[in-house]
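# Remarks on the overall topology
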Amino acid sequence: MTERFTFYGLVQGLGFRPGAKRLAQEFGITGEIKNSGGSVSITATGEKKALDSFVRRLVELFDVYDYDKEIINDIHFDSFEIVPSAGGCGFVSITPDIATCAGCEKELFDSENRRYMHPFISCTACGPRYTIMKCLPYDRENTAMNDFEMCGECSGEYNETGNSRCFAQTIACNSCGPKLSMSIQQGVQILASGGVLAVKDIGGFHLACRADIPGAVNKIRQIKGRAKKPFAVMFSCIDEIRKYCHVNETEERLLTSGARPIVLLKKKKSLDKSVVSFSNYIGAFLPCNPVQLMLTRQVSPLVMTSANISGEVMVTDNAEAEKFGVPVLAHDRKILTPLDDSVVQVICKDKLQFIRRARGYVPLSFPVDVPPSSEILALGGDLKASFCFVKNSMAYMGGSFGDLEDLPSFEAYKKEISRFAAIHGFKTDSVTSDCHPAYYSAQLFGGGVKVQHHRAHAASVIAEYSLKGDVLSFVFDGTGYGDDGAVWGAEVFYFNGKSFERREHMAAVKMPATDEIAKNARLALSCYMKDNELLNKALDMGENTFSYTGAGRLFDAVAALLGICYYNSYESECATMLEHAAARATAEFELTPVFDPVQILNEIKSAAAAGAGADSIALGFHMMLVRLIVNTAVKYGIKQITLSGGVFVNRIITENAINELEKRGFSVYINEKVPPLDGGLALGQAYIALRNIQ
């Protein structure tokens, strides 16, 4: 009998076609296979039992979400062959960039192998995918590798059924592949001698230097305009990471996964403060490509940070990398989509939490409970900007674009929306965005359906888990435009499946409408405490002011009141330093859990005056917010609880809130597929708009 199958899922870029050919030979099946748009089509002839086994093995071996089949008239095939691809769209799932696999790494350092020290070694199981893709289907002519003609040996391997590089679109070798602008050994010498090196990787350039030379690290700080914020550190292997960090099973699995994200780990052994400042954590990651593998084998650990000015997009152009004024280790393969490193942390031992979802995860899709016929583009927000397309009940999140007030970031964001849509075959007929009237993102394509910022945060968690029934959503963050024109940021919503009702929030405080209020913690403190006569008069006049119910400025005020941090030289610095102080505490000074920031600050002021230590009060503030969440949940008695917003990247608050709520029988959900920060807004916007939620 002859059957035609269409497979959907991660079926392009992972060796599906050569894998199917090998299985067909094993089961005595003839026919043909081809990429078709974002899916794979197989026409197969054989005994029914053999066909069933063939399909079952394919589903077991590859990440197949679904498949269709139909019985057709028998066709005679002499063999089973891979044939030219066809167009088409429908269900699309594109493979992200995948770190160098163990097999290729072994070959890379094998002096007897013909790809010994080949900087672009890869196979069907690893290598760049999305960042070099021009369009679907995933064939060499549709990638940046089309610029490099295969040599005879590579061509032979490409067409050899049993070879690990059979139909590997990134196949190359030292004879026919991309070339480096300098040798690896030259790069090693620059790093080893304390220099800074710009390194072109899969998603863009990094600035690299030895992590044990403060002078080199500080030069990178000068280049990036990044005075204090900790840098990520690349280690040569997991054993080296363990020397510096505590690593549990989930964290190790993330570190060694094909995505190779930066994982925020509890510090065990300190690196120089020029690298991690005063942080209790190290953003650790492992090499994801051959160039990084070869560098770190000889010089490690390395500061490895995106080559950009802080807040701007990652540099991908070879000529542009020269502007940093350091030696450049580049190559001549084009990067078609810039993608920064993903950043994650693990909450409660096994819950993945994204800080930034990018390389290794973009453009992976996931199911979302919305009508299958609907299609929409959600534009997210202007900070930590990202977008989301939803089609066929699948959500497709874009990368991270920083702050859209930066023109290059805004241009990159717009360009990637167009590129993302073209590759996937998406339309932009239906649009949704934040309700902030001044957001650049909200003005694109007319803005479409407007969704309030914090409801979008809440909905992003509900969408991830397809929650049914009543939900109580806690959304704590720094800022977001509210229904009343005020700035919200510490909100509790009751969701009944049809609408979000605002039930609780921090009491409102007037603040000046200036950029300085988000940076100057002393200024925020004075707004709460009314201890500055000139500021009081200005606020009383009501001109150029806003009403604030958020959590971000409260964290700033507490940090300033306790003398822990007075200024945000980078986003959330005061809150981060406050969390570090709380982590140092050996005892908690208990505070009253209330939605009144002035009462909270007055209690803290009295405690400090009575001699309580800053660390114990800092812990008390964190645990007060935990009790406030728990008490509010008990008050309303709604068993499904969601936590989202920037405050919930704070491990002390999030882990204790989850533990205390679960002790009382609540089911607690946090973002695990998108960031709880503004990078996850777009998913919530799409969910609300497509389900017509009020």
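Quick summary incoming for the structure in this document. On a predicted model such as this, the values are computed, not experimentally measured, just so you know.

Relative to the helices and strands, N544 is located in the loop between helix 15 (533-541) and strand 25 (545-550). For the pair N544 and I629, spaced 85 residues apart in the sequence, the C-alpha separation amounts to 33 Å. Among all residues touching N544, those that are not within four sequence positions of it are M511, P512, A513 and T514.

A separate point is the pairing of strand 16 (residues 375-378). Strand residues, when the strand is regular, have side chains that alternate between the two faces of the sheet. Relative to strand 17 (residues 388-391), strand 16 runs antiparallel, the two being bridged by 4 bridges. Directly across from E375, in strand 17, lies its bridge partner K391.

For the rest of this paragraph, the subject is the side chain of N35. Position of N35 among the secondary structure elements: in strand 2 (residues 30-36). A residue is classified by how much of its surface remains accessible, and N35, at 1% relative accessible area, is buried. One polar contact links the side chain of N35 to the main-chain carbonyl oxygen of Y138, over a distance of 3.3 Å. Polar side-chain contacts of N35 include one of 3.5 Å to the side chain of D139.

Our next topic: helix 2 (residues 48-61). The end-to-end C-alpha distance of helix 2 is 20 Å, a good match for the 20 Å that 14 residues give at a rise of 1.5 Å each. Buried within helix 2 we find A50, L51, S53, F54, V55 and L58. Against the buried residues of helix 2 lie strand 1 (2-10), helix 1 (16-27), strand 3 (39-45), strand 4 (63-72) and strand 5 (80-82).

Moving on, we come to the packing of helix 17 (residues 573-584) against helix 19 (residues 614-636). Two elements in contact, helix 17 and helix 19, have axes whose closest approach is 7 Å; the angle formed by their N-to-C orientations is 110 degrees. On the basis of their axis angle, the class for helix 17 and helix 19 is roughly perpendicular. Across from L578, E579, A581, A582 and R584 in helix 17, the residues of helix 19 making contact are D615, A618, L619, F621 and H622. Looking at the contact of helix 17 with helix 19 residue by residue, the classes come out as 6 nonpolar, 1 polar and 3 charged.

Quick look at the sheet that holds strand 2 now. Taking strand neighbours across the sheet as the criterion, the 5 strands line up as 4-1-3-2-5 in an open arrangement whose pairing is mixed. Strand pairing shows two members of the sheet lacking a second neighbour, strand 4 and strand 5, which therefore form its edges. On average, adjacent strands in this sheet sit at an angle of 15 degrees to one another, irrespective of strand direction. Sheet topology note: the strand 2/strand 3 ladder contains 7 bridges and is antiparallel. Paired with I33 across the strands is I42, a residue of strand 3. With respect to the sheet, helix 1 is in contact with strand 1, strand 2, strand 3, strand 4 and strand 5, its orientation differing from that of strand 5 by roughly 170 degrees. In the packing of helix 2 onto the sheet, contacts are made with strand 1, strand 3, strand 4 and strand 5, and the angle to strand 4 comes to roughly 160 degrees.

Moving on: unusual backbone geometry. P301 follows S300 through a cis peptide bond whose omega is 0 degrees. Looking at the secondary structure, you find P301 in the loop between helix 10 (290-298) and strand 11 (302-306). The omega torsion of the bond from V362 to P363 falls at 10 degrees, within 30 degrees of zero and hence cis. Note that P363 resides in the loop between strand 14 (351-356) and strand 15 (365-367). Positive phi, close to 55 degrees, is recorded for C348, a residue that is not glycine. Mapped onto the elements, C348 comes out in the loop between strand 13 (343-347) and strand 14. Of note, the phi angle at F445 is positive, near 55 degrees, even though the residue is not glycine. You can see F445 is positioned in the loop between strand 19 (431-434) and strand 20 (449-451).

Attention now goes to the packing of helix 14 (residues 521-529) against helix 16 (residues 552-561). Running from N to C, helix 14 and helix 16 cross one another at 100 degrees; their axes reach a closest spacing of 8 Å. Looking at the two axes, helix 14 sits roughly perpendicular to helix 16. In contact with A521, R522, A524, L525 and Y528 of helix 14, helix 16 contributes R553, L554, D556, A557, A560 and L561.

Position of R221 relative to the elements: it lies in helix 6 (residues 214-224). Sequence spacing of R221 and K537 is 316 residues, and the spatial spacing of their C-alpha atoms is 40 Å. Aside from chain neighbours lying at most four places away, what touches R221 is R226, A227, K228, K229, P230, F231, S274 and V275. One polar contact links the side chain of R221 to the main-chain carbonyl oxygen of V275, over a distance of 3.4 Å.

Here we take up the packing of aromatic side chains. One pass over the full model with this rule turns up 26 aromatic pairs. Centroid distance Y158 to F167: 4.7 Å. Interplanar angle 25 degrees. Geometry classified as stacked. Since its relative accessible area comes to 11%, Y158 is described here as buried. Both rings, one in F546 and one in Y548, keep their centres 6.2 Å apart while their planes meet at 75 degrees; by these two values the pair is edge-to-face.

Analysis parameters
- Residues numbered from 1 in each chain as written.
- Predicted model: local features only at pLDDT ≥ 70, side-chain atom pairs only at ≥ 80, totals over all residues.
- Heavy atoms only, no water.
- Helix = DSSP H or I, 4+ residues; strand = E, 2+ residues; numbered from the N terminus.
- Contact = heavy atoms within 4.5 Å.
- Pairing = 2+ DSSP bridges.
- Buried < 20%, exposed > 50% of the residue type's maximum accessible area, 1.4 Å probe, protein only.
- Polar contact = N/O pair within 3.5 Å; in protein donor to acceptor, adjacent residues only side chain to side chain.
- Expected span 1.5 Å × (residues − 1).
- Axes fitted to C-alpha atoms, helices over the stretch in contact; angles between N-to-C directions.
- Parallel < 35°, antiparallel > 145°, perpendicular 65-115°, else oblique.
- Nonpolar A, V, L, I, M, F, W, Y, C, P; charged D, E, K, R; others polar.
- Phe/Tyr/Trp six-rings, centres within 6.5 Å; stacked < 30°, edge-to-face > 60°.

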